[in-house]
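So the chains spell out like this:
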Amino acid sequence: MRFLVITNAPTLLQDSKYVAYDPYVREMNIWSKYVDEFTIISPTIYNSKLLVSEFNKQPKVISVKSLDFTSVLNSVKSFLYLPQIVFRIFKACRKTDHIHLRCPGNIGLLGCLVQILFPSKMKTAKYAGNWDPNSKQPLTYKIQKWILSNNILTKNVSVLVYGKWQNQSKNIKPFFTATYSKDEIEPPVNRDYSSTLSFMFVGSLVEGKRPLLAVKIVQGLIKKGISIRFNIYGEGVLKQELQDFIDKYSLNESVVLHGNKPKIEIKKALRQSHFLILPSKSEGWPKVVAEAMFFGVIPIATQISCVPYMLDNGKRGLLIEPELEPAINTILDYLENKDLNNISRLGENWSKAFTLDEFEYEIKKIMT
């Protein structure tokens, strides 16, 4: 089978090998196990730090320009690139057996449009964003969701979305993602919540993840007398702003920026943590939440996308509003009045059903 991936995620050439963002590579390694030829259409330049790993099966890569409509100049350039990108996508779709769209994204949107011309070809679409029909999203995201849901425009496709939503077309398939295998399941551990609490944040240090709000929440809890060690893992444009805030308010003893770390170090940190905090503006299936629960870490997260489903509306973790004082008060009440070890155990039991083994089994069903 010839397998074509159309994605915004940059594919980079390092030491004569193609690499990409590590979690994405780990997933594509599973998809590519069931194909003979593996081709990716994507940008091939990225100007920020990225935790990367090498593809197990090296793809053929068709390079396209990134599309950026954040300024007038970039918009003009992007419109000039469009015909070339569309032509390359069309040409690649014509030659492949299976079209795999990675959405949402600008390149994904073009892929959604071009795939309409190939109704008989086998297709999958991985929608990694928020599928909630009632959420506020950019127009381009709404267009992608509409095209993928439309049984007239998009045929012979499985659209994999996070969470279970009512009134969906037959194209839409509830799905999940995973990080750990059955072999990595460990016996439950009762944590001590009576002394210093270990909080962690894992993700890009960007506005959408609200890492500064997470730091301010921890600062507020410390002011209320809670002893906390807060470990932050990730890179991004807000890193210096976070460090400046930590320095300004003398939080260096409590809050530490670790940068990007490999899976093995994140796994070690999860074993030693009590809480994960993720006050994001938007998510698809936040893998870090499921990863935390896998090791009994209690998530503290905003009520977005499928997070309420993952946390069983608060039974497997804490749902907060993205306002500082309400979040602090909610967490304080939670610490004082909940059976935290029971909540940890409920989350752990749920998350362990979503292993890499199960993930691969579901992908194999789609591909064969």
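Here, the structure is the one placed above.
Let me sum up the structure you'll find in this document.

About the thresholds
- Residues numbered from 1 in each chain as written.
- Predicted model: local features only at pLDDT ≥ 70, side-chain atom pairs only at ≥ 80, totals over all residues.
- Heavy atoms only, no water.
- Helix = DSSP H or I, 4+ residues; strand = E, 2+ residues; numbered from the N terminus.
- Buried < 20%, exposed > 50% of the residue type's maximum accessible area, 1.4 Å probe, protein only.
- Pairing = 2+ DSSP bridges.
- Patch = residues over 30% accessible without salt bridge, like charges linked within 9 Å, V, L, I, M, F, W, Y side chains within 5 Å.
- Areas by Shrake-Rupley, 256 points an atom, 1.4 Å probe, with all protein chains shown as cover.
- Salt bridge = Lys/Arg side-chain N within 4 Å of Asp/Glu carboxyl O.
- Lys, Arg positive; Asp, Glu negative; His and termini not counted.
- Charge placed at Lys NZ, Arg CZ, Asp CG, Glu CD.

## Describing unusual backbone geometry
- Omega for the bond connecting Cys103 with Pro104 falls within 30 degrees of zero, at -5°, which places this linkage in the cis form.
- If you trace the backbone, Pro104 turns up in the loop between strand E7 (98–103) and helix H3 (106–115).
- Even without being a glycine, Asp15 presents a positive backbone phi close to 55°.
- Relative to the helices and strands, Asp15 resides in the loop between strand E2 (12–14) and strand E3 (17–21).
- According to the relative accessible area criterion, Asp15 is exposed, its value standing at 76%.
- Residue Asn167 is not a glycine yet carries a positive backbone phi of 60°.
- The residue Asn167 is located in the loop between strand E9 (157–162) and strand E10 (172–175) in this model.
- The exposure class of Asn167 is exposed, given its relative accessible area of 79%.

## Concerning the pairing of E3
- Judged from the three bridges that link them, E2 and E3 form a sheet pairing that is antiparallel. Residue Leu13 lies in a different strand from E3, and its bridge partner there is Tyr18.
- With three bridges joining them, E3 and strand E5 (residues 52–54) adopt antiparallel strand pairing. When the bridges of E5 are listed, Val19 appears paired with Glu54.

## Description of a nonpolar patch on the surface
- Judged by side-chain polarity, Val72, Val76 and Leu80 come together as a nonpolar surface patch covering roughly 330 Å² of accessible area.
- Mapped onto the elements of the fold, Leu80 is located in helix H2 (residues 72–95).
- What makes Leu80 exposed here is its relative accessible area of 64%.

## Let's talk about a positive patch on the surface
- A cluster of basic residues, Lys60, Lys65, Arg88, Lys91, Arg94 and Lys95, forms a positive patch on the protein surface.
- The element contributing the most residues to the positive patch is H2, with four residues.
- Inspection of the secondary structure assignment puts Arg88 in helix H2.

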